[in-house]
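Chains, contacts and geometry: an overview
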Amino acid sequence: MAELRPATRAVHAGRPPHEADQPLNVPITPASTFVGGGDREYARWGNPTWQAFEDGLGALEGGRALAFSSGLAAVATVLDLVGADGVVVAAQHSYNGTILQLADLEARGRLRTRLVDVTDPDAIAAACDDDTALVWLESPTNPALELIDLPAAIAAAHAVGAHVVVDNTFATPLLQRPLELGADVVVHSVTKYLAGHSDVLMGAIVTADDALFSVFKGRRDLLGAVPGVLEAYLAARGLRTLHVRLERAQANATELARRLAEHPAIAEVRYPGFGGIVSIVLAGGPLAADLLTRSTSLWVFTTSLGGVESTFERRRRWKSEPATIPDALVRLSVGIEDVEDLWADLEQALGALG
Ligand SMILES: *Cc1c(COP(=O)(O)O)cnc(C)c1O
């Protein structure tokens, strides 16, 4: 399907063949085991419903995908690549759970971590040396919304023989395809935009490198961090509308970022110019930020992001969030509602802060 455009791939990839009496969607196949002698054999090794999702995501990212039970299960599987005492260079504002996994592995002597401030364009190249096994990139970062020059960072990593992983959860393959830019591996929290309806926890790894694919497949078979079949079905269904959901969320986010920048209660707006996530820093400090997230009727106070409904939270309410994230920063996950209703709800809550 390489010649088709992304929106068409999102709708069509991973469907059954156009043959009489075939369903249009791969059905949910609950199974713990399959009749012997074939490729699947046992349910930990494969399932046709996972495969439908994997074929769809693989077609969008330009590689082969493997579904996992969560984004962090996919992250753990990739970090498992790093041999004893290898160095991982990572963006300091990578997803908090990724940073916590790196800290945990480092505390147990499994690897060494170098966290890098990616707002300095030379920092990634400066941190890479012959000990570097893996460079972990996320762009935009969560929730700082910093952008990394991916081709430059990938070149710097490859120059020292390191593998490059990009967490593509925020951009999605419709806005950024890291494998085409030379990255070795893409990871996703499918939980967010790919599934897109706040009802699924799932993750994925994608690579175009057959040797790496076999390693990851082997690790998934062995460790068993596999998704449920209902989750895989919902995620495959979510992929079908990713392009229209993202288009609307992005249009709403662009407009809200513009209006928020002019509001006196807001000290700073961070919007990278694409995607559906906007971070704002409240002029009134963390108390004003907390009050805002309790004063709306449409916007839901919750963690997580990427659903059709608009949600937000003050990130520093989590003790593990780094101190380099402003205390009064609220991350908005802009949904696909009518932007005027979203703005009216936000504006009344901002006005009430006084
Ligand atoms: C949520 C998230 C993860 C972790 O995914 P889970 O599905 O929650 O395990 C990883 N990376 C990013 C960027 C995320 O937003």
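Predicted model, so just to flag it, every value in this text is computed and none were measured.

1. Section: the sheet that holds strand E2 (residues 87–91)
- The sheet built from seven strands is open, its strands ordered E1-E7-E6-E5-E4-E2-E3 with mixed pairing. At either margin of the open sheet sits one strand with a lone partner, and together these are strand E1 (64–68) and strand E3 (112–116). Mean inter-strand twist for the sheet, computed between neighbouring axes without regard to direction, equals 20°.
- Each of E1, strand E4 (132–138), strand E5 (163–167), strand E6 (185–189) and strand E7 (203–207) is contacted by helix H3 (residues 71–79), which is oriented at about 40° to E7, the strand it contacts most.
- Helix H4 (residues 96–107) contacts E2, E3 and E4 of the sheet and is inclined by roughly 145° relative to E3.

2. Some words on the site of the ligand
- Taken together, 14 residues lie near the ligand, and Leu72, Asp167, Ser189, Thr191 and Lys192 sit nearest.
- Here a nitrogen atom of the ligand sits 2.6 Å away from a polar atom, N or O, in the side chain of aspartate 167.
- Within the side chain of serine 189, an N or O atom sits 2.9 Å from an oxygen atom of the ligand.
- Coverage of the ligand by the protein amounts to 93% of the 380 Å² it exposes when considered alone.

3. What about the domain arrangement of the protein chain?
- Here the protein chain is partitioned into domain 1 (6–240) and domain 2 (243–351).
- Contact residues are listed per partner, giving 29 residues for domain 1 and 27 residues for domain 2.
- Carbon and sulfur atoms make up 64% of the surface buried where domain 1 meets domain 2, a total of about 2,300 Å² over both sides.
- The largest share of the area that domain 1 buries against domain 2 comes from Pro143, Leu145 and Tyr193, three residues that together contribute 29% of it.

4. Let's talk about the side chain of aspartate 167
- Of note, aspartate 167 is situated in strand E5.
- There is no salt bridge for the buried aspartate 167, and the closest opposite charge comes from lysine 192, which lies 7.5 Å off by N-O distance.
- A polar side-chain atom of aspartate 167 sits 2.6 Å from a polar atom in the side chain of threonine 169.

5. Section: the packing of aromatic side chains
- According to the stated counting rule, one finds two aromatic pairs in the structure shown.
- Judged by centre distance (5.7 Å) and plane angle (70°), the rings of tyrosine 42 and tryptophan 45 are edge-to-face.
- Judged by its relative accessible area of 38%, tryptophan 45 is partly exposed.
- Note on tryptophan 299 and phenylalanine 312: the rings are 5.5 Å apart at their centroids and 35° apart in plane angle, and the pair reads as tilted.

The rules behind each value
Along each chain, residue indices are assigned from 1 in the same order as the chain's sequence is written. Reporting in this predicted model follows two pLDDT cut-offs: at least 70 for local features of residues, and 80 or more for side-chain atom pairs to be given and counted; totals over whole chains, interfaces and linings ignore these cut-offs and use all residues. Hydrogens and water are ignored here; the side-chain numbers use all heavy atoms of the structure. A pair of strands is labelled paired if DSSP reports no fewer than 2 bridges between them. Segments assigned H or I by DSSP are reported as helices when at least four residues long, segments assigned E as strands when at least two residues long, and all are numbered from the N terminus. As a rule, the C-alpha atoms of each element are fitted with a line to give its axis, helices using only the stretch in contact, and angles between N-to-C directions run from 0 to 180 degrees. Pairs of residues are marked as contacts when any of their non-hydrogen atoms sit within 4.5 Å. Throughout, the term near means that a residue has one or more heavy atoms lying within 4 Å of the molecule or strand in question. Identification of polar contacts relies on pairs of N or O atoms within 3.5 Å, with a donor-acceptor requirement for protein atoms, meaning one able to donate a hydrogen and the other able to accept it, and with residues adjacent in sequence counted only if both atoms are side-chain atoms. Per-residue and other accessible areas were derived by the Shrake-Rupley procedure at a 1.4 Å probe size, with only the shown protein chains allowed to occlude residues. Domain borders in the structure are assigned automatically or taken from a domain database. Summed over both partners, the accessible area lost on bringing two parts together, with a 1.4 Å probe, is the buried area. When accessible area is computed with a 1.4 Å probe and restricted to protein chains, residues below 20% of their type maximum are described as buried, those above 50% as exposed, and intermediate ones as partly exposed. Residues scored as positive are Lys and Arg, those scored as negative are Asp and Glu, and His as well as the terminal groups of each chain are ignored. Between Lys or Arg on one side and Asp or Glu on the other, a salt bridge is scored when a side-chain nitrogen of the former is within 4 Å of a carboxyl oxygen of the latter. Stacked, edge-to-face and tilted labels apply to pairs of Phe, Tyr and Trp rings (six-membered ring for Trp) whose centres lie within 6.5 Å, assigned for plane angles under 30 degrees, over 60, and everything in between, in that order.

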